[in-house]
Amino acid sequence: MARSALLNVMVQAAMKAGKSLTRDFGEVQNLQVSLKGPGDYVSQADRKAEKIVREELLKARPTYGFLGEESEEIKGTDGSHRWIVDPLDGTTNFLHGIPVFGVSIALQRGSEIVAGVVYNPASDELYTAEKGGGAFVNDRRLRVSARKNLSDSVIGCGVPHLGRPQHGKFLVQLRHVMGEVAGIRRMGSVAIDLAYVAAGRLDGFWEEYLHPWDYAAGIILIREAGGFISGMKGEADFLEGGDICAGNEHIHKALLDVANRPVPKA
Ligand code: IPD
Ligand code: CA
Ligand code: CA
């Protein structure tokens, strides 16, 4: 599998940040048992990982813009390229010693995402994709699942929690979806969820009220693995929208239909 120079830069940045997160994850597991808990420590680990990614990417392409979760946006003098980065997606898992989290890096050209990397340092799984080149986990080519029916499908989702909006709306969606599928999963990292859809592990996924850095890399992973991803209304222009639905051609459509069913009358 040949990677472009740009994708190599992204991979290096993700792996360097991943090493730093791995060291900090070990420490978090020790801090679990302390009274103060690992909260502050995790915020520092998060910011440190973003600094590493940001320095690596801007060193390689100083004129590109940079949108990361943990720092001020840099507009960049090159108006057509922007990095979109979540240095630690799955913070709650990380904080609780659950090894499902990742570094997510996407490259936007114009209005399109043209390359993406998601790295889970705990499982050493590196997901990569670039436009026209296919999607991979490490060296293995990815393909979305071939299931045609929701009744055979395992569907991932995000569950709102304290401080997040629309608990009632989510419960209505869940009520509709859970009655039609073989299983529901809540992994706790959108970046990993979307990589799992690309890998055919999850047949579909939906979540609302996200940010572009949560799913920008996932967009190209899924499309290059032959899948579909859109906003919750099926719209193709959803990068800034925050709502996403993904799957293969059949499951993406079926999931949109079921999740958008109106609230049942009492
Ligand atoms: C969160 C995770 C989680 C999702 C949340 C995200 P963070 O990102 O992806 O799975 O349900 O909506 O905000 O805070 O861990 O970077
Ligand atoms: Ca995130
Ligand atoms: Ca994050």
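Located above this text is the structure these notes cover.
Below is a summary of the structure that appears in this document. Note that this is a predicted model, so its numbers are computed, not measured. (Residues numbered from 1 in each chain as written. Chains lettered and ligands numbered in written order. Predicted model: local features only at pLDDT ≥ 70, side-chain atom pairs only at ≥ 80, totals over all residues. Heavy atoms only, no water.)

**Digging into the coordination of the calcium ion (ligand 2)**
Ideal geometry at a metal gives 109.5 degrees between four tetrahedral donors and either 90 or 180 degrees between six octahedral ones. What counts here: Note on donors: an N, O or S atom is included if it sits within 2.8 Å of the metal, or within 3.2 Å for Na, K and Ca, and water is never included, so sites can look incomplete. The helix and strand labels rest on DSSP assignments: H or I over at least four residues marks a helix, E over at least two residues marks a strand, and numbering proceeds from the N terminus. We call a residue buried when its accessible area falls under 20% of the maximum for its residue type, exposed when it is over 50%, and partly exposed in between, using a 1.4 Å probe and counting protein chains only.
Within the protein, Asp 86 (OD), Asp 89 (OD) and Asp 214 (OD) serve as the donor atoms for the calcium ion (ligand 2), at 2.1 to 2.2 Å. The distance between the calcium ion (ligand 2) and the calcium ion (ligand 3) is 3.7 Å, with Asp 86 acting as a donor to both metals. Of this pair, Asp 89 sits in strand 2 (residues 81–89) while Asp 214 sits in helix 6 (residues 212–224), placing them 125 residues apart in sequence. Assessed through its relative accessible area of 10%, Asp 214 is described here as buried.

**Describing the pairing of strand 1 (residues 65–68)**
What counts is decided by this rule: Each pair of strands is called paired provided DSSP finds at least two bridges between the two strands.
Of the two faces of strand 1, the one carrying Gly 65 and Leu 67 and the one carrying Phe 66 and Gly 68 are both buried. As judged from the four bridges shared by strand 1 and strand 2, these two strands associate in the parallel manner. Along strand 2, the bridge assignment pairs Leu 67 with Ile 84.

**Here's the deal with the sheet that holds strand 11 (residues 228–230)**
For the record, the criterion: Interaxial angle, 0 to 180 degrees, is taken between N-to-C directions of lines fitted to C-alpha atoms, where a helix line uses only the stretch in contact. Contacts are residue-level and defined by heavy atoms, with any inter-residue pair within 4.5 Å sufficient.
In space, the five strands of this open sheet follow the order 9-8-10-12-11, with mixed pairing throughout. Two strands in the sheet have a free side with no partner beyond their single neighbour: strand 9 (183–185) and strand 11. Neighbour-to-neighbour, the strand axes of the sheet open up by a mean angle of 15 degrees, direction not taken into account. Note that strand 8 (residues 154–157) and strand 10 (residues 204–207) share three bridges and pair parallel. In the strand pairing of strand 10, Ile 155 is matched with Gly 204. Docked against the sheet, helix 4 (residues 167–178) engages strand 8, strand 9 and strand 10, running at close to 165 degrees with respect to strand 10. The strands that helix 6 touches are strand 11 and strand 12 (244–247); relative to strand 11, the one it contacts most, it runs at about 150 degrees.

**As for the sheet that holds strand 5 (residues 125–130)**
Taken in spatial order, the seven strands of this open sheet run 1-2-3-4-5-6-7, and their pairing is mixed. Of all strands in the sheet, those with a lone pairing partner are strand 1 and strand 7 (140–141), marking the two edges. Each of strand 1, strand 2 and strand 3 (102–109) touches helix 2 (residues 39–60); the most contacted strand, strand 2, lies at about 155 degrees to it.

**Some remarks on the nonpolar core**
The condition is simple: The criterion is simple. A nonpolar core is a set of buried Ala, Val, Leu, Ile, Met, Phe, Trp, Tyr and Cys residues joined through side-chain atoms within 4.5 Å. An automatic or database domain assignment provides the domain bounds reported here.
Counting 39 residues, the largest nonpolar core has Ile 84, Ile 113, Tyr 127, Leu 142, Leu 194, Tyr 215 and Ile 244 as its most contacted members. Domain assignment of the residues forming this core places at least three in each of domain 1 (5–141) and domain 2 (150–259). The contacts of Ile 84, once residues within four sequence positions are left out, are Leu 67, Ser 104, Ile 105, Ala 106, Gln 108, Ile 113, Pro 212, Trp 213, Ala 216 and Leu 239.

**Describing the site of ligand 1**
For clarity, the cut-off: For each residue, the test is whether any non-hydrogen atom lies within 4 Å of the molecule or strand; if one does, the residue is near. Here a polar contact is recorded for every N or O atom pair within 3.5 Å, except that within protein the pair must consist of a potential hydrogen donor and a potential acceptor, and residues adjacent in sequence are included only if both atoms are side-chain atoms. Surface exposure here means Shrake-Rupley accessible area, sampled with a 1.4 Å probe, where a residue is shielded only by the protein chains that are shown. Charged residues are taken to be Asp, Glu, Lys and Arg, nonpolar residues to be Ala, Val, Leu, Ile, Met, Phe, Trp, Tyr, Cys and Pro, and polar residues to be all remaining types, Gly included.
Lining the immediate environment of ligand 1, one finds 14 residues, of which Asp 89, Gly 90, Thr 91, Arg 164 and Glu 207 sit closest. One of the side-chain nitrogen or oxygen atoms of Arg 164 is found 2.9 Å away from an oxygen atom of ligand 1. A distance of 3.0 Å is found between an oxygen atom of ligand 1 and a backbone nitrogen or oxygen belonging to Val 190. The protein chains hide 88% of the 380 Å² of surface that ligand 1 would expose on its own. Element by element, the count of residues in the shell around ligand 1 is highest for strand 2, at three residues. A per-class count over the shell around ligand 1 returns three nonpolar, four polar and seven charged. Residues lining the shell around ligand 1 come from more than one domain, with at least three contributed by each of domain 1 (5–141) and domain 2 (150–259).

**Section: the packing of helix 4 against helix 7 (residues 249–259)**
As a reminder of what qualifies: An angle below 35 degrees is treated as roughly parallel, one above 145 as roughly antiparallel, one from 65 to 115 as roughly perpendicular, and anything else as oblique. Handedness of each helix crossing follows the sense of rotation of the near helix against the far helix: counterclockwise by less than a right angle gives left-handed, clockwise gives right-handed.
For the pair helix 4 and helix 7, interaxial distance at closest approach is 8 Å and the crossing angle is 125 degrees. As far as their axial angle goes, helix 7 and helix 4 are oblique. Like other packed secondary-structure pairs, helix 4 and helix 7 cross with a definite hand, here right-handed. On helix 7, the residues that touch Gln 173, His 176 and Val 177 of helix 4 are Leu 255, Val 258 and Ala 259. By residue class, the composition of the contact of helix 4 with helix 7 is four nonpolar, two polar and no charged.

**Notes on the coordination of the calcium ion (ligand 3)**
Within the first shell, the calcium ion (ligand 3) binds the protein through Glu 69 (OE), Asp 86 (OD), Asp 86 (OD) and Leu 88 (O), at distances of 2.2 to 3.1 Å. Considered as a linear motif, the donors of the calcium ion (ligand 3) on their single chain read E-x16-D-x1-L.

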